[in-house]
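Structural features, examined
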Amino acid sequence: AQTVTQSQPEMSVQEAETVTLSCTYDTSENNYYLFWYKQPPSRQMILVIRQEAYKQQNATENRFSVNFQKAAKSFSLKISDSQLGDTAMYFCAFSPPWGSNYKLTFGKGTLLTVNP
Amino acid sequence: NAGVMQNPRHLVRRRGQEARLRCSPMKGHSHVYWYRQLPEEGLKFMVYLQKENIIDESGMPKERFSAEFPKEGPSILRIQQVVRGDSAAYFCASSLGTSGSSYNEQFFGPGTRLTVL
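In every chain, residue numbers begin from 1 and rise along the written sequence. All chains are assigned letters beginning at A, and all ligands numbers beginning at 1, according to the order in which they are written. Side-chain atom pairs in this predicted model are given and counted only at pLDDT of 80 or more, local residue features only at pLDDT of at least 70, and totals for whole chains, interfaces and linings cover all residues. The basis for every side-chain value is the complete set of non-hydrogen atoms in the structure, without hydrogens or water.

1. Side note on the pattern of salt bridges
For salt bridges, the criterion is a side-chain nitrogen of Lys or Arg within 4 Å of an Asp or Glu carboxyl oxygen. Using the criterion set out here, one finds 10 salt bridges over all chains in the structure. Measuring nitrogen to oxygen at the nearest pair gives 3.8 Å for the salt bridge that ties Glu 52 of chain A to Lys 55 of chain A. Buried means the residue's accessible area, taken with a 1.4 Å probe over protein chains only, is under 20% of the maximum for its type, while exposed means over 50%, and partly exposed covers the values in between. The exposure class assigned to Lys 55 of chain A is partly exposed, which follows from its relative accessible area of 41%. Two residues, Arg 78 of chain B and Glu 18 of chain B, come together in a salt bridge whose shortest N-O distance is 3.9 Å. Of this pair, Arg 78 of chain B sits in strand S8 (residues 75–79) while Glu 18 of chain B is found in the loop between strand S2 (10–13) and strand S3 (19–24), placing the two residues 60 residues apart along the sequence. Several salt bridges converge on common partners, so that one network encompasses Arg 50, Glu 52 and Lys 55 of chain A. Put simply, DSSP H or I for four residues or longer makes a helix, DSSP E for two residues or longer makes a strand, and each gets a number counted from the N terminus.

Structure, rendered in structure tokens:
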């Protein structure tokens, strides 16, 4: 079974600075998807960024980018120019590429607070 | 284009009562997924449904929990004889489909927070 570990329960950053959230996972699959979801106080789950394991290039979405290290099974999220609206719980998630690719496995989350 | 709708947003039940949670997928989506988020935890997969079919219920507790997605109307997650341990946020997601070789994004609803007294 796959597991996803987020070792930082809480983090804080000053507005406009950069912060990196860590995620490691365990799987015997060679191909899979990795995600970062954001859950603001409204509790709505919002997809931030997605990485396909067979792609070596790290995914980027505006201020959000990932550092995907397949051999180390590491998938960190970097948020640049942090904004107050980035304050939220951030969940790392895994899904196999086929068969049960609908079955997302989530970490326990990291609470990020952006301070003014 | 309306997103995934869930109601109620908050539900309070006493031990032994039944809880019914509803989920209307995004327009055009025929695949629905339910997840449960216990306090201080990430979301955990419960069940995957298509219209009138349960595809995978491997994450559902064997007793008291059931789910359906009828031909007409929303998907329903039913919890019978609720206990305090059922207190959690229940999220529904929907997608266009699920493909063997590509990813179909799951869009999440705002969740239903169930409190069992």
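This is not the end of the story, as more comes after the structure.
2. So, unusual backbone geometry
Here Asn 7 of chain B and Pro 8 of chain B are connected by a cis peptide whose omega angle stands at 0°. Along the chain, Pro 8 of chain B falls in the loop between strand S1 (5–7) and S2. Even without a glycine there, the phi angle at Lys 73 of chain A is positive, about 55°. Exposure remark for Lys 73 of chain A: the relative accessible area of 26% places this residue in the partly exposed category.

3. Some points on the environment of Val 4 of chain B
Assignment of secondary structure puts Val 4 of chain B in the segment before S1. Not counting residues within four places of it along the chain, the set of residues in contact with Val 4 of chain B comprises Cys 23, Ser 24, Met 26, Cys 92, Ser 94, Phe 107, Phe 108, Gly 109 and Pro 110 of chain B. Two residues qualify as a contact provided that any one of their heavy atoms is within 4.5 Å of a heavy atom in the partner residue.

4. Points about the sheet that holds S1 of chain B
Residues and elements named next belong to chain B. Strand pairing is assigned whenever DSSP detects at least two bridges linking the two strands. Spatially, the four strands line up as an open sheet ordered S1-S3-S8-S7, and their pairing is antiparallel. The sheet is open, and its two edges are formed by S1 and strand S7 (65–68), each paired on a single side. Taken over all neighbouring pairs, the strand axes of this sheet differ in orientation by 15° on average, direction set aside. Pairing geometry for S7 and S8, over four bridges, is antiparallel. The angle between two axes is taken between their N-to-C directions and runs from 0 to 180 degrees, where each axis is a line fitted to C-alpha atoms and a helix contributes only its stretch in contact.

5. Brief notes about the state of the cysteines
Throughout, disulfides are identified as pairs of cysteine sulfur atoms within 2.5 Å of each other. Here the structure, examined in full by the defined rule, presents two disulfides over all chains. Two residues, Cys 23 of chain A and Cys 92 of chain A, share a disulfide whose sulfurs are 2.0 Å apart. The sign of the S-S torsion, about -70°, decides the handedness of the disulfide formed by Cys 23 of chain A and Cys 92 of chain A: left-handed. On the criterion of sequence distance, the pair formed by Cys 23 of chain A in the loop between strand S3 (19–21) and strand S4 (24–26) and Cys 92 of chain A in strand S10 (residues 88–95) is long-range, its members being 69 residues apart. Residue Cys 23 of chain A shares its accessibility class with Cys 92 of chain A, and that shared class is buried. The disulfide that involves Cys 23 of chain B links it to Cys 92 of chain B, with 1.8 Å between the sulfurs. Judged by the sign of its S-S torsion, about -50°, the bond between Cys 23 of chain B and Cys 92 of chain B is left-handed. Residue Cys 23 of chain B is found in strand S3, and its partner Cys 92 of chain B is found in strand S9 (residues 88–95); the two are separated by 69 residues along the sequence.

6. Considering the interface of chain B and chain A
Frequently, the measure chosen for interface size is the accessible area that the parts lose on association. The interface is formed by 26 residues belonging to chain B together with 21 residues belonging to chain A. In total, about 2,000 Å² of surface goes out of reach between chain B and chain A, with carbon and sulfur atoms giving 50% of it. Between chain B and chain A we count two salt bridges in total. Measuring nitrogen to oxygen at the nearest pair gives 3.6 Å for the salt bridge that ties Lys 108 of chain A to Glu 41 of chain B. Pairs of N or O atoms are called polar contacts if they sit within 3.5 Å, as long as, within protein, a hydrogen donor faces a hydrogen acceptor (for residues adjacent in sequence, only side-chain-to-side-chain pairs). At the surface where chain B touches chain A, the tally comes to nine residue pairs in polar contact (both at pLDDT 80 or more). For the side of chain B that touches chain A, the elements supplying multiple residues, two or more each, are strand S4 (31–37), strand S5 (43–50) and S9 of chain B. In this count, Pro and Cys sit with the nonpolar residues alongside Ala, Val, Leu, Ile, Met, Phe, Trp and Tyr, while Asp, Glu, Lys and Arg are called charged and the others, Gly among them, polar. The residue makeup of the side of chain B that touches chain A, split by class, is 10 nonpolar, 10 polar and six charged. Note on definitions: buried area is the accessible-area loss of two parts on being combined, 1.4 Å probe, summed for both.

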